[in-house]
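Structural description and commentary
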Amino acid sequence: MKLSELIKVGAFIDEGVTSKTVKWDGHEFDVLVKNEMSASDFEFVYGVGVNKHEVNESDESYAARRIHRFIRLDGGTEPVSYEDAVRMKSSLVIALAQAINEVHGETGKKKN
């Protein structure tokens, strides 16, 4: 199969985002969630190819890596830095992870 044929049948990710409303601690706000995970996102989130001896302990947060890669605030203009995601309260992390899971679950269903 040629690359052009793979592209035609959906080999590349959808670069778009989906708006989700997050409810947390009495607040309700919208976030944009990246629709799909690229190869680069996968490697970053799951730490593929990372030498554990070169990573400090704060780099071990799977949830913070997901939030950093997939969530945008303020109408999509404000990314969440990894350092900020690491410092978030776990209740907010859970609420944001739920938004990511919903979008990625919906995207997966559309492709199947």
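1. Concerning the packing of aromatic side chains
Applying the stated criterion to the full structure yields three aromatic pairs. Ring centres of Phe42 and Tyr46 lie 4.7 Å apart, and the angle between their planes is 45°; on these two criteria the pair is classed as tilted. Here the residue Phe42 and the residue Tyr46 both occupy positions in helix α2 (residues 39–46), the gap between them amounting to four residues, near one helical turn. By relative accessible area, which is 40% here, Tyr46 ends up partly exposed. Ring geometry for Tyr46 against Tyr62: centres 5.6 Å apart, planes inclined by 40°, an arrangement best described as tilted. Within this pair, whereas Tyr46 is found in helix α2, its partner Tyr62 is found in helix α3 (residues 62–70), the two being separated by 16 residues in sequence. Take Tyr62: its relative accessible area is 37%, and that puts it in the partly exposed class. Members of the aromatic cluster, connected to one another through ring pairs, are Phe42, Tyr46 and Tyr62.

Each value, and the rule that gives it
Residues numbered from 1 in each chain as written. Predicted model: local features only at pLDDT ≥ 70, side-chain atom pairs only at ≥ 80, totals over all residues. Heavy atoms only, no water. Phe/Tyr/Trp six-rings, centres within 6.5 Å; stacked < 30°, edge-to-face > 60°. Helix = DSSP H or I, 4+ residues; strand = E, 2+ residues; numbered from the N terminus. Buried < 20%, exposed > 50% of the residue type's maximum accessible area, 1.4 Å probe, protein only.

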